[in-house]
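Structural features, examined
Here's the letter readout for the chains.
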Amino acid sequence: LGLQDSASPLMEQLIFFHDHALLILVMITVLVGYLMFMLFFNNYVNRFLLHGQLIEMIWTILPAIILLFIAFPSLRLLYLLDEINEPSVTLKSIGHQWYWSYEYSDFNNIEFDSYMIPTNELSTDGFRLLDVDNRIVLPMNSQIRILVTAADVIHSWTIPALGVKVDGTPGRLNQTNFFMNRPGLFYGQCSEICGANHSFMPIVIESVPTNYFIKWISNN
Ligand code: CUA
């Protein structure tokens, strides 16, 4: 009943927007519910009522104005999510049936595949259907760009805590970005129905301090 805690500024804004939209939804539901309920107890009948210009104007324009309070913040977020703020690291992720492969083209051309760990090989502290053999390591507190594509069918690179969801489409290169404001592990899953094992191609990001990231890069 809600969203995962955010780990990035944009996801925080998305949660604020979700709560804002929900509040407006509750107000509309309560008002309309009250009006419909009260109709049951209404005995007034006006057989000669044929038109009511004023009330028609009010109940047309008022909902339109209310919708603007959702439309403008939504538009603001849409453009904010597409902004690329001079990224310091670029990660390329390629969707395959059914695993992800990653490329760090900025550095020593590091590339590797990332498969889900099957349940029977999982360690006791592992997350079933969510842990992978090779994690993505990325620095926290820096702007990161990801390029997403696919090799066979459409996949979707999705990480709820970071507010990232991009389709990987064969023959196209999609771009998005995020900023992780704390260290830790961030989990995601493919969210484009991509075949029999669609549910079994998770994503794990290891968010680490910058010096640790440099160490990881130089050891690869
Ligand atoms: Cu890849 Cu669903």
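Reading the values: the criteria
Residues numbered from 1 in each chain as written. Predicted model: local features only at pLDDT ≥ 70, side-chain atom pairs only at ≥ 80, totals over all residues. Heavy atoms only, no water. UniProt positions renumbered as here; feature names shortened; annotations may be inferred. Helix = DSSP H or I, 4+ residues; strand = E, 2+ residues; numbered from the N terminus. Core = buried A, V, L, I, M, F, W, Y, C linked by side-chain atoms within 4.5 Å. Buried < 20%, exposed > 50% of the residue type's maximum accessible area, 1.4 Å probe, protein only. Contact = heavy atoms within 4.5 Å. Domains from an automatic or database assignment. Buried area = accessible area lost by both parts, 1.4 Å probe. Salt bridge = Lys/Arg side-chain N within 4 Å of Asp/Glu carboxyl O. Pairing = 2+ DSSP bridges. Axes fitted to C-alpha atoms, helices over the stretch in contact; angles between N-to-C directions.

Here the focus is the UniProt feature "domain: Cytochrome oxidase subunit II transmembrane region profile" (unreviewed entry) in the protein chain. The UniProt record marks residues 1-85 with the feature "domain: Cytochrome oxidase subunit II transmembrane region profile" (unreviewed entry), using the residue numbering of this structure. Across residues 1-85, the secondary structure splits into 71% helix and 0% strand, with the terminal C-alpha atoms separated by 32 Å.

In this section: the nonpolar core. Residues Y104, I136, L138, W157, L162, F178 and I205 are the most contacted members of the largest nonpolar core, which totals 32 residues. Once residues lying within four places of it in the same chain are set aside, the contact partners of I205 are I136, L138, W157, I159, L162, F178, M180, G184, L185 and F186.

Considered domain by domain, the protein chain is made up of domain 1 (9-82) and domain 2 (89-219). If you average the C-alpha positions of domain 1 and of domain 2, the two centres end up 39 Å apart. Considering only the side of domain 1, the residues that lose the most area to domain 2 are P9, M11 and L81, jointly responsible for 75% of the buried surface there. Remark: the boundary between domain 1 and domain 2 carries zero salt bridges. With three residues, helix α1 (residues 9-39) is the single largest residue contributor to the side of domain 1 that touches domain 2.

Strand order across the open sheet formed by five strands is β3-β2-β1-β5-β8, with mixed pairing between neighbours. Each edge of the open sheet is held by one strand with a lone partner, namely β3 (110-114) and β8 (174-179). Along the sheet, successive strands turn relative to each other by an average axial angle of 25°, direction set aside. Both strand β1 (residues 89-96) and strand β5 (residues 143-150) contribute to a ladder of seven bridges, which runs parallel. Paired with K92 across the strands is L147, a residue of β5.

Another point: the environment of F179. The residue F179 is located in strand β8 in this model. Taking relative accessible area as the criterion, F179 reaches 26% and is therefore assigned partly exposed. Between the alpha carbons of F179 and I65 there is a distance of 34 Å; along the sequence they are 114 residues apart. When near neighbours in sequence (up to four residues on either side) are disregarded, F179 contacts A7, S8, P9, N141, S142 and Q143.

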